[in-house]
Protein chains: 2
Amino acid sequence: MYIVIVYDVNVRRVNNVKKFLRQHLHWVQNSVFEGEVTRAEFERIKAGLREIIDEDEDSVVIYRLRSRPFREILGTEKNPLEDVI
Amino acid sequence: MYIVIVYDVNVRRVNNVKKFLRQHLHWVQNSVFEGEVTRAEFERIKAGLREIIDEDEDSVVIYRLRSRPFREILGTEKNPLEDVI
């Protein structure tokens, strides 16, 4: 399963979310991560995020895809995705 | 074609990008839009974005998908996606 995570969280929690997601996924740009995960990793990521965010205030959207999506970049690519991650 | 656009642009240009994309797509949360588009709309969106952003500094990533992806939300949903947009 391939996931793209985008988040819009309070500035007090942004660094914790970023530090946590960096352990599991590829940082694409501010507030965006992506990567291939197993079902178990996916559940761990969600559980970990739930411990960090304030569910009444913060927003995390997880796009679940069958495979790595085709991407087009306009401008610069902040953190190029190697072919195999 | 279904697209998810995420962008990381200079604060001076963020509002223009948001105003432009609002005409074409669904605003999901800060710096994230998504929606169903035709090939022609897709080209118009890219051309319009290129006129707004500074390609040496800003970054726009467009995920191209065959259909609307499954989404999971943690926390609040900033701008719920109606079933049919």
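In the annotation of an unreviewed UniProt entry, chain A is listed under the name CRISPR-associated endoribonuclease Cas2 and assigned to Thermococcus camini. In its Sequence similarities (unreviewed entry) section, UniProt records this for chain A: "Belongs to the CRISPR-associated endoribonuclease Cas2 protein family." Looking at chain A in UniProt, the text filed under Cofactor (unreviewed entry) is "Mg(2+)".

J.: Report on the environment of A:Val4, specifying residues and quantitative values.
T.: Note on placement: A:Val4 falls in strand β1 (residues 2-8). In this structure, the C-alpha to C-alpha distance between A:Val4 and A:Phe20, residues 16 residues apart in sequence, is 15 Å.

J.: Which residues make up the sheet that holds strand β1 (residues 2-8) of chain B, and what values do they have?
T.: Read from one edge to the other, the open sheet built from five strands follows the order β5(A)-β4(B)-β1(B)-β3(B)-β2(B), with strand pairing classed as antiparallel. The sheet is open, and its two edges are formed by β5 (70-75) of chain A together with β2 (26-29) of chain B, each paired on a single side. Between one strand axis and the next, the sheet turns by 25 degrees as a mean value, whatever way the strands run. By the bridge criterion, six bridges tie β5(A) to strand β4 (residues 59-65) of chain B in an arrangement that is antiparallel. Paired with A:Arg71 across the two strands is B:Tyr63, which belongs to β4(B). Its contacts with the sheet place helix α1 (residues 11-22) of chain B against β1, β2 and β3 (32-36) of chain B, and it is angled at close to 170 degrees to β1(B).

How each quantity is defined
Residues numbered from 1 in each chain as written. Chains lettered and ligands numbered in written order. Predicted model: local features only at pLDDT ≥ 70, side-chain atom pairs only at ≥ 80, totals over all residues. Heavy atoms only, no water. UniProt positions renumbered as here; feature names shortened; annotations may be inferred. Helix = DSSP H or I, 4+ residues; strand = E, 2+ residues; numbered from the N terminus. Pairing = 2+ DSSP bridges. Axes fitted to C-alpha atoms, helices over the stretch in contact; angles between N-to-C directions. Contact = heavy atoms within 4.5 Å.

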